[in-house]
Each structure stands twice: as structure tokens, then as C-alpha cells.
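# Breakdown of the fold
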Amino acid sequence: MTAKGADYRPRTEHLRADGKPFYTNRLILEVSPYLLQHAHNPVDWFPWGEEAFARARRENKPVFLSIGYSTCHWCHVMEKESFENPAIAAQLNAHFIAIKVDRETRPDLDHTYATAVQLLTGHVGWPMTLLLTPQGKIVSGGTYFPPGELGTLLTQVERAWREQPKAVEADATRITQAVEKSMRVEAGAAALPPDLAARTASLLLQGHDALQGGFGQAPKFPNEPLLALWLEQAQRGAGQRILQALRTDLDAMAAGGIHDQVGGGFHRYAIDHDWLVPHFEKMLYNQAQLARLYLGALQLTGHADYARVARRTLDFVLREMSAPQGGFYSALDADSAGGEGRHYLWTPAEMRQVLGDADAAFAMQHYGVTEVGNFEGGNILHLSNPLNSTERARLDRIDARLLTARAQRAYPQRDDKVLAGWNGLMIAALAEAGDALHEPRYLNAAKRAADFLWAQQRRPDGGLWRASLAGQANTAGMLEDYAYLAAGLIALYDTTHEDIWLARARELADAMQARFGSTTGDAYALAEADPLNPLARPRGSADGALPSANGIAVQVLAALARRSGEARYEEAAQEQLLALNGTIAKTPETHATLLIAAERVHHGETGSRQYAGRGAVAVSARMIRQSQGEATLELTLRIKPGWHINAHQPLQDYLLPTTVRVNDAWKLASIDYPHAEVRRLGFQKEALALYQGEIRIRAELESGSREADAIRIELGLQACSEQICLPPETL
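Residues numbered from 1 in each chain as written. Predicted model: local features only at pLDDT ≥ 70, side-chain atom pairs only at ≥ 80, totals over all residues. Heavy atoms only, no water.

### So, the sheet that holds strand 12 (residues 414-415)
We count it as follows: Strand pairing is defined by DSSP finding a minimum of two bridges between the two strands. A run of H or I in DSSP becomes a helix once it reaches four residues, and a run of E becomes a strand once it reaches two; helices and strands are each numbered from the N terminus.
Within the open sheet, the three strands sit side by side as 8-9-12. Their pairing is antiparallel. In this open sheet, the two edge strands, each paired with only one partner strand, are strand 8 (282-283) and strand 12.

Next comes the structure, spelled out in C-alpha cells:
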């Protein structure tokens, strides 16, 4: 414990007179903040590993498995009630081998046992509690247990294990086989219907709350993968209903208590139906996914409030979740001194003390602050009405003063581990924000994090470590680490055009194929083989709070095919879709990320940056001006040396010209193509009019409506080198 440093404070109520803990178990050697939280429980915890299971087999004891994470409120409650309870600890220590798992460092185990708990109880949550045989088979399971119920469960299992071992073993075999069957992904012989993504996006509208936003009743989660599908379909020209539903959710969350109105960023979910009362955790993955959604909506609509929300979310991450050497921390706890959410709550008296009467009255009016409060005697700030630009500017100044005052309060506990995959999501968000918001500091932060991970969390064998804490890295990387980080590096390449990021993304994709691929045509496994897991390597495909790792993997392969020109990436993407299309077709609404991947494989990419000519031509579009039914757009084409495209007016009628078209809601008032070069190339005796290097095309657009649809551009071109001409393409 001395090695933890002078600032180390044991997290336990069992302390000696000198402040040292009565108990210290094996978890003290771990790098997971969640496991370290339990290092001084009276429970004789083991981390997941051979030592624990070997002892269980040697002593013929069942295994008590507890899975949670460091910012989980009910995990803290169960720790205080049960794992700090000497009587329950004595029961566990005498009759069980107790194992603690951090779901954030071992999502593969979490996926396996969450499936089991879902089958056994009909719901899942954290902490998860499971009883296993010494071989790891599942005896029973649940989530949070009050101490009385937990003691009863332990007594029942211990007695059954002692008196009816064969019956327990038979039940465990049956349960484990059922879990394994439910986890299989279904391949399908037929390709997915070409309109499945569009049909699924429309079908999701039926379960959507068109007034308050979100899906179903309370609690409400952001459901970022579903919103990402709507965004993708809106970019592809889906009807106004899809775009309006997306905007309803983004607007409702931005105005609600789930959004930290003072400090920026989002809490994990809302416990009510109108986004007012959050569960106050702040997770890195929510910030990354939501920032990208608001940036995408900004590009579709030009709505300045979306830029503000994205900017404040990323500023929060840079301010409060950034590691000094680079990389980003995982989460902030819901609890702080005074109780859940206390760090974020305000009373009228507190606001008057910070702001003075006039500004306090203004802030209380717009943030819905009352003497009664809306949460445990305090107020969760939320916007009750839209703001005009003057009100918004004044409230922004007020927010800065409130944030300064709030910084003096007790701060929520922070989970300081750096997860490779979650950092990949944030790198992508920062890279895209640096481009869309013209903020070099976001791009620089993305580069710094990418360099940190490449240096800190790569294994000697070229693989990835999943997690690091204070310079120590451990746990083999999961599929999501390789896929998410590769996607982040691709976003960096798209923004910077620096080849190093594409090279690193390709290296990760190749390692992903080698480590998680199958020789029998299965989808990627979620983790490398674990001999202690009694089930086959899990190969999950559905989205959760995080996007499907298999879905992002296919998106990465499709992106690399477009950018590198290597057919093997296209083939690998097709193979993964073939392995998964049965499962996707069965429940498409749970596979939004894979539907997006299928769209990109079969129909190309969307968005303001795309590639043609096997990566030889990079195209970016930007809005220069838009107002009252008029707009000015600029396309920038970067053509690699040795390649060219035909000019907009080729010298030969049989050559395909470079053309620009816009959607029906807009028309081209004028278009300014660059001056063409006239050259003779080795394969062509006639002179050619062509474009090479970097060129720009500017278009003036008009619409008959001030509220016209988003502008969708089609760019037709044909890329050629001095040896070959590729087939014509439309982006």
C-alpha cells in the first residue's frame, strides 16, 4: 500500500487509529479504479484470473462474481451495505471464492454474464451478481441485492452446493448452454435488403416520443447509435420526419437537466420522461458520441446552437477529463460530498450570492430555479424556453461565473483510467470538431491523445493494452479498442491529410483481423480467447450504450477500402456483413451501427469529406454562406501526384466530365470551375483537359424557400493515372 503514494486514501470504513486500513486484499495490486475501491473491503477479493478459479477447484467452493464500475451509484450502495459488512464478508470468505470484475476493462465478461442475468431475471443492471461453479458455469444471477437478500442467497447456494452438488452442476450446465445459444450470431445466405437501413430508421419513429424526445417512457437514454442512424439517413436524403425526430431529441437533451447547463457535457441518462432529472454520472463515451451528433446536425442544418453544445461538451472534456500526458479519463461519479448530484445543484440563495440580485433573477427565470427545488431540495438547471441571441450571450456570461463558483465545491470522484477504445471515440469527435468548428486546439488534443495511446498502450507484440492508469497498462485490448481507435485515426487522417494516421489505422485493422477474426466465417470475437470463460468467445453484434464493436469494425474496413484502394479491406467488410446479416435482419432496430456500415459498404459514404479513385482523390465540402434561401458552397479536391480527373469540359465527347449537382430543393445559380490544364499523357495521343493537385469548385445556390432542406451535393468524376482510368464515380 505504501507504493500507492502519500496521497493515497483507503476507501473503507474499517480503519485503525493511525488511519491505516484493517483489511487489504489482492485488488490493491490492480490498475482499475473500480477494483481499487474494493481493495480494503473485509471480503477476500480476487481479480479475474487463474489463481481464483484454481483455488475454487482445489477447495471445491462456488465462485461469487461481482461486476460493476467505478462511477456506478448502486455499486457503491452494495459495497457499503454488503461488502463492507463483516458478517457478509465472513460468509463469503468461508464458503465462496469472491471475484471482482470491472465491466469497463473486461466488456467481454460483462457481455457474457449480462446475457446470463437477462435470461435469468428478465432485466440487467449493475452491480451484477453471479454464482458460478469452480469451472465458471453459471449457477444463478441477479443485479443489486440488499444485504438481507444477499445473505439468504449465499446461504441457499452454499447449502445446495454442499448437499446436492450433482443437481447444482446439472442446472449450471443447462443455464450455461442456454446463455451460449442466445449469444450466437446468425449468418444468412441472402444479402440484406438494400433499403433495410431506411426502413428501420422510419420504423423507429413509431416508438419515438415526438413531444419530449427519446424512446419510450422513463428512464430515457440518449441512444446515440439510433440517432447516428437517423443522422446518416438524413445525410442520404431521408424525409423531413427523420431529420425532425433527430432535432427533437438533440434539442430536448440540450435544454434538459441531462445536459450540464453550467459546465457543459452530458450525464449518462435521465430517470424521468422529459430529460430533467439525470443520473449524474458523466461518461467519456457519451461526450464523444453526442458531440459528433451535434456536429453532424450542425452541418445538416447550420443551427448555431448545435455548435455551442458540441463546443461546450468538448471544452468540458478538455478541462475536466484530460490526462496530463495525453488521453482522456473514463468517467465522473454521480456522487460527491452531500449526496448524488450535489455538485450540480443550486438554490436561489446560492445563485444570489454568486451573481447578485439582477443576474440571479435572470438565471433563475430561464433555468427554472425555485425555492422548493426539483431535486432533493436543490435545483437541476434546465432551459424552460428557447433563448434569443441576446439572452443566450448574457446566460453564457452567467454560466462562466457559476462554473467558477462551482469549482470550489467538493468534486465528484473521477475514474482516471484511460481506455483505448473510448479514447478512440473522443479522438474522432475532436478531429471532426477541429474541422467543423475551425478550432485547432481540438485537433491538437486529438493528435496528442493519439500519440499518447500509440506510445503508452501498444503491447510489445504490436497489439493494444485496453487500459492504463498512472502510467501502468494492463488487460489485452478488446475488439472495440482496435475498432474505435482505428476509426479515430481515420478521422484524424481525413482532417489533417497526414499519412501517419492512415498507416496506423491500417496497422490496427490488420491486427484486428488477426486477433479477432475467424477461420470459420464467424463475425469478429469481442475479445481474445480467455481459457477461464466457460463459453465460446462472445461475438456480440448489437448496439448498447456504446456502438457495436463489430459495426464499427466494418465501418473501419469500408473506410480503409475507400482511402487506401486495397480490395482486401472491401472483401473483409463484405465477409463480416455476410457473417452477421442473419442477426441484423432479425432485429435491425438493435443493429443501427451495422446498418450504417452496410450502407457505406454498398452505397458509399456520406458527410462533408469523402474519397474517390481508390483514395487518390479526397473531397471536402464546406458552407461559406447561407441565408434566406441562398448559399455559397465550396468543394476542395486534393488529387494525389500521378493522378488526375477530367475537367468539367473535356476536349473529347467520350470522356466523363467533372460535374456538380444539388438536390431538388436547391438550384445552381452559378458555378465556378477551376481553369483546366491541357496535357498529353502516355496512354493518350490526344491532348486532355484535366485537373491535378489541389483544386476548388465554388457554387452559388438558390432556393424558393427560406426553410429549404439540407443541401445535398453529388459530385461526378473519373480518376485516372498515366496507366489506367478507373470507372466513373458519383460521391
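### Digging into the environment of Lys-181
Put simply, the test is: Burial status follows relative accessibility: with a 1.4 Å probe on protein chains alone, a residue under 20% of its type maximum counts as buried, one over 50% as exposed, and anything between as partly exposed.
For Lys-181, the location among the structural elements is in helix 7 (residues 165-182). A residue is classified by how much of its surface remains accessible, and Lys-181, at 59% relative accessible area, is exposed.

### Details of the side chain of His-38
Stated formally: Any two residues whose heavy atoms approach within 4.5 Å are treated as being in contact.
Position of His-38 relative to the elements: it lies in the loop between helix 1 (33-37) and strand 1 (46-47). According to the relative accessible area criterion, His-38 is buried, its value standing at 1%. Other than its neighbours up to four places away in sequence, His-38 contacts Asn-25, Leu-27, Trp-45, Glu-79, Phe-83 and Lys-100.

### Considerations on unusual backbone geometry
In this structure, the amide linkage connecting Trp-126 to the following residue, Pro-127, adopts the cis form with an omega of 10 degrees. Locating Pro-127 in the fold gives a position in the loop between helix 5 (107-121) and strand 4 (128-132). Ala-218 connects to Pro-219 through a cis peptide bond whose omega is -5 degrees. For Glu-376, which is not a glycine, the phi torsion comes out positive at approximately 50 degrees. Relative to the elements of secondary structure, Glu-376 occurs in the loop between helix 14 (357-367) and helix 15 (389-406). On the basis of relative accessible area, Glu-376 is assigned to the exposed category, the value being 67%. Positioned with a positive phi, Ala-470 is a non-glycine residue whose angle comes to about 50 degrees.

### Points about empty space enclosed by the protein
For clarity, the threshold we go by: The rule is simple: put a 1 Å grid over the protein atoms alone, call a set of points where a 1.4 Å probe fits but cannot get out a cavity, call an open set with protein on both sides within 12 Å along at least five of seven lines a pocket, and count a residue as lining if it has an atom within 4 Å of a point. Grid points are joined across faces, edges and corners, and a volume is the space filled by probe spheres set on the points. Polar here means any residue outside two lists: the nonpolar Ala, Val, Leu, Ile, Met, Phe, Trp, Tyr, Cys and Pro, and the charged Asp, Glu, Lys and Arg; Gly therefore counts as polar.
Taken as a whole, this structure holds four cavities of 30 Å³ or more when the rule is applied. Computed from the structure, the largest cavity encloses a volume of approximately 960 Å³. Surrounding the largest cavity, 36 residues form its lining, Glu-232, Arg-292, Glu-432, Gln-555 and Arg-600 being those nearest its centre. Of the residues contributing to the lining of the largest cavity, the split by class is 16 nonpolar, 10 polar and 10 charged. Gly-257, His-259, Asp-260, Gln-261, Val-262, His-267, Tyr-344, Trp-346, Ile-380, Leu-381 and Arg-406 are the residues that line the second largest cavity.

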